[in-house]
Amino acid sequence: MTILKKRKARAQRSRSFRCPHCGAAMILRPASEIYHDAKSDRKLYVCHNYPACNTYVAAHPNTDKPMGVPANGNLRNLRIQAHRKFDLIWKNGIMTREEAYRWFADSFGLSLRDAHIGMCSEYRCRELIRLCNEVLARNNCVA
Ligand SMILES: [Zn+2]
């Protein structure tokens, strides 16, 4: 690919990819600029209005595609909480990891492809935490 074509492809990508919280363009930046960790060589899509708008999402190392839907601080914390609860289900052997993702997908009427906590909204995170707590309680696991 020529440099010009690459530049055009990048411009098209950034045009179609906006911050879900404020509508500004999402810009690919080194993660080290956000995490202040010089060792990180990963990249993030960061809202143009960062840090006023604290919204970002990790990029896949090879393709630069965003890993899920960008999140602000609240949603990031909720996703971390939801993931911890969800992981307890298969770590405690209530289900296998595969079964747990199938259960997650079925609970929300999603395809298995879309059953990723990185794609969950706040509402879905809270629902998933609630469902996980129920399953954990029924199996006498401390949630
Ligand atoms: Zn934003």
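These lines cover the structure that appears in this document, whether it is placed above or below. (Residues numbered from 1 in each chain as written. Predicted model: local features only at pLDDT ≥ 70, side-chain atom pairs only at ≥ 80, totals over all residues. Heavy atoms only, no water.)

### Here we look at the packing of aromatic side chains
The description of two aromatic rings rests on the distance between their centres and on the angle between their planes. Going through the model one piece at a time under the given rule, you end up with 7 aromatic pairs. For the ring pair Phe86 and Tyr101, a centre distance of 4.7 Å and an interplane angle of 65° mean the geometry is edge-to-face. Note that Phe86 is positioned in helix H3 (residues 73–91) and Tyr101 in helix H4 (residues 97–107), a separation of 15 residues in sequence. Judged by its relative accessible area of 14%, Tyr101 falls in the buried class. Each ring, one from Tyr101 and one from Phe104, has its centre 6.4 Å from the other, and the planes form 45°; the classification is tilted. Linking Tyr101 with Phe104, this pair stays in helix H4, spanning 3 residues, or about one helical turn. Residues Tyr101 and Phe104 agree in their burial class; the two are buried. (Phe/Tyr/Trp six-rings, centres within 6.5 Å; stacked < 30°, edge-to-face > 60°. Helix = DSSP H or I, 4+ residues; strand = E, 2+ residues; numbered from the N terminus. Buried < 20%, exposed > 50% of the residue type's maximum accessible area, 1.4 Å probe, protein only.)

### Focus on the sheet that holds strand E1 (residues 26–30)
The sheet built from 3 strands is open, its strands ordered E1-E2-E3 with antiparallel pairing. In this open sheet, the two strands that pair with only one neighbour each are E1 and strand E3 (56–58). With strand direction ignored, the average angle separating the axes of adjacent strands in the sheet is 30°. Sheet analysis places E1 next to strand E2 (residues 43–47), joined by 5 bridges and oriented antiparallel. The partner of Pro30 across the bridge, within E2, is Lys43. (Pairing = 2+ DSSP bridges. Axes fitted to C-alpha atoms, helices over the stretch in contact; angles between N-to-C directions.)

As far as function goes, none of this settles anything; it's purely spatial.
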